[in-house]
Amino acid sequence: MAEKFVLATHNPGKLKEMAQILEKFHVEVVMPADLGLDVDVEETGTTFAENAMLKARAVCAASGLPAIADDSGLCVDALNGGPGVYSARYGGEGLDDIGRYRLLLNSLCGATTRAAHFACAIACAFPNGDELTAEGRCDGAIAFAPMGEGGFGYDPVFLVPEMRKTFAQMTAEEKSSISHRGRAMEKFVEKLETYLVK
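None of these values were measured; they are calculated from a predicted model. (Residues numbered from 1 in each chain as written. Predicted model: local features only at pLDDT ≥ 70, side-chain atom pairs only at ≥ 80, totals over all residues. Heavy atoms only, no water.)

A. Just the overall build of the protein, in detail. Looking only at helices and strands, the protein features five helices and eight strands. When its helices and strands are written in sequence order, the protein yields β-α-β-α-β-β-α-β-β-β-β-α-α. Here the C-alpha atoms of the protein give a radius of gyration of 17 Å, agreeing with the 16 Å that 2.2 N^0.38 yields for 198 residues. In the form shown here, the protein has an accessible surface area of approximately 10,300 Å², with 51% of it arising from carbon and sulfur atoms. Here the protein carries 19 positive and 28 negative side-chain charges, and the mean point of each set is 4 Å from the other. (Helix = DSSP H or I, 4+ residues; strand = E, 2+ residues; numbered from the N terminus. Rg over C-alpha atoms; globule rule 2.2 N^0.38 Å. Areas by Shrake-Rupley, 256 points an atom, 1.4 Å probe, with all protein chains shown as cover. Lys, Arg positive; Asp, Glu negative; His and termini not counted. Charge placed at Lys NZ, Arg CZ, Asp CG, Glu CD.)

B. The side chain of histidine 117, seen in detail. Note on placement: histidine 117 falls in strand β5 (residues 115-125). At a separation of 3.3 Å, a polar atom in the side chain of histidine 117 contacts the side chain of arginine 137. Filtering out sequence-adjacent residues up to four positions away, histidine 117 remains in contact with Gly73, Leu74, Cys75, Arg137, Cys138, Asp139 and Phe158. (Polar contact = N/O pair within 3.5 Å; in protein donor to acceptor, adjacent residues only side chain to side chain. Contact = heavy atoms within 4.5 Å.)

C. The arrangement of empty space enclosed by the protein in detail. Counted by the stated rule, this structure contains one cavity of 30 Å³ or more. Taken together, Leu7, Ala8, Thr9, Lys14, Glu17, Met18, Ile68, Ala69, Asp70, Ile122, Arg181 and Met185 make up the full set of residues lining the largest cavity. Looking at side-chain class alone, the lining of the largest cavity contains seven nonpolar, one polar and four charged residues. (1 Å grid on protein atoms, 1.4 Å probe; cavity = no way out; pocket = protein on both sides within 12 Å on 5 of 7 lines; lining within 4 Å. Points joined across faces, edges and corners; volume = space filled by probe spheres on them. Nonpolar A, V, L, I, M, F, W, Y, C, P; charged D, E, K, R; others polar.)

D. Up close: the packing of aromatic side chains. Under the criterion given, the structure shown has five aromatic pairs. The positively charged end of arginine 114 is found above the aromatic ring belonging to phenylalanine 144, 4.0 Å away from the centroid. (Phe/Tyr/Trp six-rings, centres within 6.5 Å; stacked < 30°, edge-to-face > 60°. Lys NZ or Arg CZ within 6 Å of the ring centre and 35° of its normal.)

E. Local environment of helix α1 (residues 12-22). What α1 keeps buried is the set Leu15, Met18 and Leu22. Buried residues of α1, viewed axially, fall in a sector of 70 degrees; they line one side. Turned more than 90 degrees from where α1 packs its buried face, Pro12, Lys16 and Gln20 sit exposed. (Buried < 20%, exposed > 50% of the residue type's maximum accessible area, 1.4 Å probe, protein only. Arc of directions from axis to C-beta.)

F. Up close: the packing of α1 against helix α5 (residues 180-197). Interaxial distance between α1 and α5 falls to 11 Å at its minimum, and their mutual angle equals 40 degrees. In terms of axis orientation, α1 runs oblique to α5. The crossing of α1 and α5 is right-handed. Here Lys14, Glu17, Met18, Ile21 and Leu22 of α1 come into contact with α5, specifically with Arg181, Met185, Val189 and Leu192. (Axes fitted to C-alpha atoms, helices over the stretch in contact; angles between N-to-C directions. Parallel < 35°, antiparallel > 145°, perpendicular 65-115°, else oblique. Left-handed = near helix turned anticlockwise from the far one by under 90°.)

G. Structural context of the pattern of salt bridges. Evaluation of the coordinates by the stated rule reveals 11 salt bridges. Across the salt bridge formed by glutamate 193 and lysine 24, the nearest N and O atoms sit 3.9 Å from each other. Here the residue glutamate 193 occupies a position in helix α5, and lysine 24 occupies one in the loop between α1 and β2 (28-30), the gap between them amounting to 169 residues. On the accessibility criterion, glutamate 193 (34% relative accessible area) is partly exposed. (Salt bridge = Lys/Arg side-chain N within 4 Å of Asp/Glu carboxyl O.)

H. View of helix α2 (residues 48-63). Between the first and last C-alpha of α2 there are 23 Å, a value that for 16 residues agrees with the 22 Å anticipated at 1.5 Å per step. Residues Phe48, Asn51, Ala52, Met53, Lys55, Ala56, Val59 and Cys60 constitute the buried set of α2. Turning to α2, the residues buried within the fold contact β1 (4-7), β3 (67-76), β5 and β6 (131-142). Remark: glycine 64 follows α2 within two positions and exhibits a positive phi of approximately 75 degrees. (Expected span 1.5 Å × (residues − 1).)

I. Inspection of the pairing of β5 at higher detail. In terms of residue burial, β5 counts as a mostly covered element, since 10 of its 11 residues are buried. As defined by bridge partners, β3 adjoins β5 across 10 bridges and the pair is classed as antiparallel. Residue pairing in the sheet places isoleucine 68 in a bridge with cysteine 124 of β5. Connecting β5 to the next strand, β6, in antiparallel fashion are five residues, including glycine 129 with a positive phi near 100 degrees. (Pairing = 2+ DSSP bridges.)

Laid out in structure tokens, this is it:
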């Protein structure tokens, strides 16, 4: 079994989360930069799963180690599922998180539904060609105005009705227990456990 897995991200928060989850498998999780790699993958997939696998395969090929990647985004019913795989680039390169969610709120003026969901796909590519994937989603609605100080991205405007809070109003524990990434991760860990002990 591999001692190291590479996490295809530049986000230290994601690395910390993944390291905690995988420590029970006695696996060390590193970022590409820790190995002196700078892998820039063009996300040309039309689904979150395709984009996650593109990243995992590229980092696996560059490092010779198993690689894990995720891709996620916000899908809004009134926007025909948009911004979807373009969530991080919604509105163009010049916008920051606040600019993107303001654009989203403006786009929904007069919309008859505010239903939306966050989706996440996790992919793992192994040097021997084996691959694992898992997906998760969290259903909710787009709030009429941003609420809360936590989280990032669209969190201040993504309302989870049963919690009566946006993602940005939740504690990290509350969010991870119901989030798209938390649900995808749960499924992924089950698949990985089965794979590693076979």
